[in-house]
Amino acid sequence: MNIKLDIVSGFLGAGKTTLIKKLVTEGYKDEKIVVLENEFGKVGIDTDILKNTGVEVEEITAGCICCSSSSDFLSSIEDIIKRFMPDRIIVEPTGVAKLSEILRACNDFKLKGLFEVNNIISVLDVKRFDFVSSYSKVFVDDQIAVSKTIVLSKNVGADMKYIEEIYSYIKNINIGANIINEDIYNIGGQDLINAIENEIQEYDMLKMLDKLDNRGKIKNPYHFATLEFKTDKSIDYEDIELIFKCFKDEDTYGKIVRGKGILQNSDHDWYKFDYVENEIKEESYYKDDIGAICIIGYKLNKKNILNLFA
């Protein structure tokens with residue numbers, strides 16, 4: 001059996017779904033692919049986006065596959081193989097998953113011989129690297145430590161000296177990492193595949209995990225929570241912008257680190273919005289259903305947040 005399993009990891013809002021869309025629509029377009037999407041909450045916004053590419057998408061929304069839902073992850077992989085017999089399975093964990101724990105789950109005895117772990121990719125947001133590391137260093141360092149390839153996203157216009165500092169940070173943790181510093185929006189699909197599947201010398205997954213274990217366990221000081229809901233209310237993008245500006249008041253709303261949604265405006269046009277660290281953007285979208293919003297952060301005051309959308 002020659003089924004390849006790729007993992008595309010990365011912190012909240014780094015650009016995992018964007019990279020996967022590029023891979024399935026351009027890079028691996030001639031392969032039979034199933035994407036296993038592990039949403040942080042139960043409103044599958046990224047799942048909806050990936051389904052619009054025409055690829056088969058399965059989802060786990062009960063929890064993070066690196067911990068409480070690892071058994072769901074294993075059974076989902078087995079089910080995908082039985083039902084679809086794909087050439088490739090691409091796994092997108094939640095943005096707060098520890099990549100090392102997912103790799104350990106892949107070594108579970110039940111899955112030996114069912115697939116080959118192929119690409120192990122982490123996406124790092126250059127623009128927000130310091131910001132993300134300030135409250136999620138545990139996740140970032142874990143992803144760097146065991147990745148084959150690190151894709152530097154949102155790097156257009158970034159200072160080269162700063163990028164060199166990120167290179168040094170990565171190499172200090174994982175000296176053999178294959179680093180891609182390209183604009184993934186403009187790089188061709190096949191060029192992206194060639195860069196990702198560049199030969200990684202002496203990569204031994206179990207050795208990398210053992211090395212990580214020897215560094216000792218580091219607990220994450222933050223406990224992320226999610227607030228998600230569906231709505232048939234028309235909400236203009238301008239209103240969403242104003243709502244997210246309100247979230248700067250952390251005493252009232254908590255710390256918002258990620259927001260995303262698919263909504264219909266007052267002209268009955270659908271759009272998708274993405275929010276990461278005080279920056280929000282919009283793009284047109286098509287959906288024949290009901291709107292959905294997902295907000296992720298810590299110390300969330302859910303009542304106050306919901307009042308803004310009332």
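Worth saying up front: this structure is predicted, and the values here are computed from it rather than measured.

Enquirer: Please clarify how the overall build of the protein should be interpreted in this entry.
Expert: Helices and strands together make up the secondary structure of the protein, namely 11 helices and 12 strands. Relative to its full complement of 310 residues, the protein shows a buried share of 55%. The contacts in the protein between residues at least 6 apart in sequence include a share of 76% that link residues at least 24 apart. Total accessible area on the protein stands at roughly 14600 Å², and carbon and sulfur atoms take up 46% of it.

Enquirer: Would you explain the nonpolar core in this entry?
Expert: Nonpolar side chains tend toward joint burial in soluble globular proteins. If you look at the biggest cluster of nonpolar residues, it comprises 53 residues, and the most contacted ones within it are Phe 73, Ile 77, Leu 152, Ile 170 and Phe 224. Considering every element that reaches this core, the biggest residue donor is helix H5 (residues 129-146), with nine residues. Membership of the second largest hydrophobic core comes to 22 residues, among which are Val 8, Val 35, Leu 50 and Ile 184.

Enquirer: What is the right way to look at the sheet that holds strand E9 (residues 255-264) in this model?
Expert: Backbone-to-backbone hydrogen bonds pair the strands of a sheet. The strands run either parallel or antiparallel. What the five strands build is an open sheet, ordered E8-E12-E9-E10-E11; its pairing is antiparallel. Looking at the sheet topology across the chains shown, the edges are occupied by strand E8 (225-231) and strand E11 (279-284). Averaged over all adjacent pairs, the angle separating strand axes in this sheet is 10°, with direction ignored. As paired elements, strand E10 (residues 270-276) and E11 share six bridges and run antiparallel to each other. By the bridge assignment, Lys 272 is partnered in E11 with Glu 283.

Enquirer: Before we go on, may I ask you to explain the pairing of strand E4 (residues 88-92) in this structure?
Expert: Looking along a regular strand, one sees side chains alternate from face to face of the sheet. Most of E4 sits inside the fold, with five of its five residues counted as buried. Residues Arg 88, Ile 90 and Glu 92 of E4 are buried on one face, and the alternating residues Ile 89 and Val 91, pointing to the opposite face, are buried as well. Here strand E1 (residues 4-10) runs beside E4; their pairing, made up of four bridges, is parallel. The residue bridging Ile 7 from the neighbouring strand is Val 91, located in E4. Strand direction decides the pairing type here: strand E2 (residues 33-38) and E4, joined by five bridges, are parallel. Residue pairing in the sheet places Val 34 in a bridge with Ile 89 of E4.

Enquirer: Even after reading the chapter, I still don't get H5, so can you show me in this structure?
Expert: Residues three or four positions apart in an α-helix share a direction because the helix packs 3.6 residues into each turn. With 18 residues, H5 ought to run about 26 Å at 1.5 Å a step, yet its terminal C-alpha atoms sit only 18 Å apart, falling short of that. At Ser 136, H5 shows its largest bend, some 110°. Of all the 18 residues making up H5, 15 are buried; the element is thus mostly covered by neighbouring parts of the structure.

Enquirer: What am I meant to see in the side chain of Ser 76 here?
Expert: Secondary-structure assignment places Ser 76 in helix H3 (residues 70-84). Exposure remark for Ser 76: the relative accessible area of 19% places this residue in the buried category. Residues contacting Ser 76, with those up to four places away along its chain left out, are Leu 36 and Ile 60.

Enquirer: Help me understand the packing of helix H1 (residues 16-27) against helix H7 (residues 189-196), please; the structure alone is not making it clear to me.
Expert: Relative to each other, H1 and H7 sit at 115°, their axes nearing to 8 Å. Classed by the angle they form, the pair H1 and H7 counts as roughly perpendicular. When the axes of H1 and H7 are compared, the crossing they make is left-handed. On H7, the residues touching Leu 19, Lys 22, Leu 23, Glu 26 and Gly 27 of H1 are Gly 189, Gln 190, Leu 192, Ile 193 and Ile 196.

Enquirer: Explain the packing of H5 against helix H6 (residues 160-173) to me, please; I cannot follow it from the model alone.
Expert: A pair of packed helices is captured by two measures, namely the crossing angle of their axes and the spacing between those axes. The N-to-C vectors of H5 and H6 enclose an angle of 40°; their axes lie 10 Å apart at closest approach. Crossing hand, H5 versus H6: right-handed. Counting all contacts with H5, which are made through Phe 129, Asp 130, Lys 137, Asp 141, Ile 144 and Ala 145, the residues of H6 involved are Tyr 162, Ile 166, Tyr 169, Ile 170 and Ile 173. Across the contact of H5 with H6, the residue classes break down as eight nonpolar, no polar and three charged.

Enquirer: Before we go on, may I ask you to explain the sheet that holds strand E3 (residues 56-60) in this structure?
Expert: Taken together, the seven strands give an open sheet; going across it, the order is E3-E2-E4-E1-E5-E6-E7, and neighbouring strands pair in parallel fashion. Of all the strands in the sheet, the pair left with one neighbour each is E3 and strand E7 (178-180). The sheet shows a mean angle of 20° between the axes of neighbouring strands, taken without regard to direction. Sheet topology note: the strand E6 (residues 149-153)/E7 ladder contains three bridges and is parallel. If you follow Thr 149 over to E7, its bridge partner there is Asn 178. Strand contacts of H1: E1, E2, E4, strand E5 (116-125) and E6, with the helix running at about 150° to E1, the strand carrying the most contacts.

Enquirer: Sorry if this is basic, but what is going on with the pattern of salt bridges here?
Expert: Pairs can form between side chains of opposite charge once their charged atoms are near each other. On inspection of all chains with the given rule, the structure shows 17 salt bridges. Glu 101 serves as the salt-bridge partner of Arg 104, at 3.1 Å between the closest nitrogen and oxygen. In this pair, Arg 104 and Glu 101 are both assigned in helix H4 (residues 99-106), three residues apart and thus about one turn of the helix distant. Glu 101 gets classed as partly exposed once you look at its relative accessible area, which sits at 24%.

Rules of the game
Residues numbered from 1 in each chain as written. Predicted model: local features only at pLDDT ≥ 70, side-chain atom pairs only at ≥ 80, totals over all residues. Heavy atoms only, no water. Helix = DSSP H or I, 4+ residues; strand = E, 2+ residues; numbered from the N terminus. Buried < 20%, exposed > 50% of the residue type's maximum accessible area, 1.4 Å probe, protein only. Contact = heavy atoms within 4.5 Å. Areas by Shrake-Rupley, 256 points an atom, 1.4 Å probe, with all protein chains shown as cover. Core = buried A, V, L, I, M, F, W, Y, C linked by side-chain atoms within 4.5 Å. Pairing = 2+ DSSP bridges. Axes fitted to C-alpha atoms, helices over the stretch in contact; angles between N-to-C directions. Expected span 1.5 Å × (residues − 1). Bend = angle between axes of the 7 residues up to and from the residue. Parallel < 35°, antiparallel > 145°, perpendicular 65-115°, else oblique. Left-handed = near helix turned anticlockwise from the far one by under 90°. Nonpolar A, V, L, I, M, F, W, Y, C, P; charged D, E, K, R; others polar. Salt bridge = Lys/Arg side-chain N within 4 Å of Asp/Glu carboxyl O.

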